[in-house]
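Listed below are the residues making up each chain.
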Amino acid sequence: MAYDLEEQEKIDALKDWWDKNGTRVVIIAFLIAASILGWRGYQWYEQHQATKAMGYFEALETAALQNDEQSKTRLLAASDALRKDHAKSAYTSRGVLIAAEFLQKEGDLDAAKEQLTWIATQSPEPAIVGVAQLRLAGVLLEQRSYDEALQQLQQPTAAYEGLYADRRGDVYFAQGQLEQARKEWERAVNALADVAYVQIVQLKIDALSKEK
């Protein structure tokens, strides 16, 4: 096909521009496409990981609700998989809390302690860390590891201040430090003034008074 002079000049200019910039354009286009594919791949991976974590959580939850010979084995396997492969998942800390509660009820305090210690030191969620430390102190109290229990109760957030004080009172009472127990329970009463649980703490104080 024959072109007139003006068209030929435009074609020659386009060819000249492409010779100078074509490689750069191809690279940029490739990078854009790669970034889009990479982002979609990352989204797929994250969704895939979330689905796997949810599966382990559901398996753990089911095992905790069942009471057969294999429940504990399945629960520990699911907890191990969550902690090893999905440590940052929202399912993990919650699942490990369930595992710890199950194990404590089963009387396996060492295993419950191990689960709760993981949350207290590894969980990315401060609110769940607070719950774990409170429960861990309870397990340590059962094991008569009083100093370790108190270490878990040193720095509560405002939301847990009353419950931590109540648990410190329990630890001091178990040690026979009755006056220190009273002080902690009184702190708990003040912090839990608007919570129904405060009645239980008050009963502890009343019972302590009768012992004297």
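You'll find the structure just up there.
This structure is a prediction, so every number in the text was calculated from the model and none was measured. (Residues numbered from 1 in each chain as written. Predicted model: local features only at pLDDT ≥ 70, side-chain atom pairs only at ≥ 80, totals over all residues. Heavy atoms only, no water.)

(A) The overall build of the chain, seen in detail. A tally of helices and strands in the chain yields 9 helices and 0 strands. When its helices and strands are written in sequence order, the chain yields α-α-α-α-α-α-α-α-α. Residues classed as buried in the chain amount to 34% of the 212 residues present. Sequence-distant contacts, at least 24 apart, represent 51% of the contacts inside the chain between residues at least 6 apart. Entry remark: accessible area of the chain is about 13,600 Å², with carbon and sulfur atoms responsible for 55%. (Helix = DSSP H or I, 4+ residues; strand = E, 2+ residues; numbered from the N terminus. Buried < 20%, exposed > 50% of the residue type's maximum accessible area, 1.4 Å probe, protein only. Contact = heavy atoms within 4.5 Å. Areas by Shrake-Rupley, 256 points an atom, 1.4 Å probe, with all protein chains shown as cover.)

(B) Expanded view of helix H4 (residues 109-122). With 14 residues, H4 ought to run about 20 Å at 1.5 Å a step, and its terminal C-alpha atoms sit 20 Å apart, in line with that. Of all the positions in H4, only Leu 109, Ala 111, Ala 112, Gln 115, Leu 116, Trp 118, Ile 119 and Ala 120 are classed as buried. (Expected span 1.5 Å × (residues − 1).)

(C) Quick peek at the nonpolar core. Core analysis: the biggest nonpolar cluster contains 43 residues, and Leu 75, Leu 116 and Ile 119 have the highest contact counts within it. Of all the elements, helix H5 (residues 126-142) adds the most residues to this core, at 8 residues. Once residues within four sequence positions are removed from consideration, Leu 116 is found in contact with Leu 97, Ala 100, Ala 132, Arg 135, Leu 136 and Val 139. (Core = buried A, V, L, I, M, F, W, Y, C linked by side-chain atoms within 4.5 Å.)

(D) Just unusual backbone geometry, in detail. If you check the backbone angles, Arg 144 has positive phi at about 65° while not being a glycine. Along the chain, Arg 144 falls in the loop between H5 and helix H6 (146-151). The class of Arg 144 is exposed, set by a relative accessible area of 65%.

(E) Representation of helix H8 (residues 178-191) in the model. Taking 1.5 Å as the rise per residue, H8 with 14 residues should run 20 Å; its terminal C-alpha atoms sit 20 Å apart, in good agreement. When H8 is considered as a whole, its buried residues turn out to be Ala 181, Arg 182, Glu 184, Trp 185, Ala 188 and Val 189.

(F) Just the pattern of salt bridges, in detail. This structure, assessed with the given rule, holds 11 salt bridges. Between Arg 83 and Glu 114 there is a salt bridge, with its nearest N and O atoms 2.7 Å apart. One end of the pair, Arg 83, is in helix H2 (residues 71-85); the other, Glu 114, is in helix H4, with 31 residues separating them in the sequence. Taking relative accessible area as the criterion, Glu 114 reaches 39% and is therefore assigned partly exposed. (Salt bridge = Lys/Arg side-chain N within 4 Å of Asp/Glu carboxyl O.)

(G) The packing of helix H3 (residues 90-105) against H5, seen in detail. For the pair H3 and H5, interaxial distance at closest approach is 11 Å and the crossing angle is 15°. Viewed along their axes, H3 and H5 adopt a mutual orientation that is roughly parallel. Classified by chirality, the crossing of H5 by H3 is left-handed. Here Ser 93, Arg 94, Leu 97, Glu 101 and Gln 104 of H3 lie close against H5, whose contacting residues are Ile 128, Val 131, Ala 132, Arg 135, Gly 138, Val 139 and Glu 142. Broken down by class, the residue content of the contact of H3 with H5 amounts to 5 nonpolar, 3 polar and 4 charged. (Axes fitted to C-alpha atoms, helices over the stretch in contact; angles between N-to-C directions. Parallel < 35°, antiparallel > 145°, perpendicular 65-115°, else oblique. Left-handed = near helix turned anticlockwise from the far one by under 90°. Nonpolar A, V, L, I, M, F, W, Y, C, P; charged D, E, K, R; others polar.)

(H) Molecular detail of the packing of H3 against H4. Where H3 contacts H4, the two axes come as close as 8 Å, and the packing angle between them is 160°. In this view, H3 runs roughly antiparallel relative to H4, as classed from their interaxial angle. H3 and H4 meet at a crossing whose hand is left-handed. Contacts between H3 and H4 involve Thr 92, Ser 93, Val 96, Leu 97, Ala 99, Ala 100, Leu 103 and Gln 104 from the first element and Leu 109, Ala 111, Ala 112, Gln 115, Leu 116, Trp 118 and Ile 119 from the second.

(I) Quick look at the environment of Phe 57. Residue position: Phe 57 is located in helix H1 (residues 5-65). For the pair formed by Phe 57 and Ala 99, sequence separation is 42 residues and the distance between their alpha carbons is 10.0 Å. Every residue in contact with Phe 57, bar those within four places of it in the chain, is listed here: Leu 82, Tyr 91, Arg 94, Gly 95 and Ile 98.

(J) Representation of the side chain of Lys 204 in the model. Positionally, Lys 204 belongs in helix H9 (residues 198-211). A distance of 2.8 Å separates a polar atom in the side chain of Lys 204 from a polar atom in the side chain of Asp 170. Not counting residues up to four positions away in its chain, the partners in contact with Lys 204 are Asp 166, Asp 170, Trp 185 and Tyr 197. (Polar contact = N/O pair within 3.5 Å; in protein donor to acceptor, adjacent residues only side chain to side chain.)

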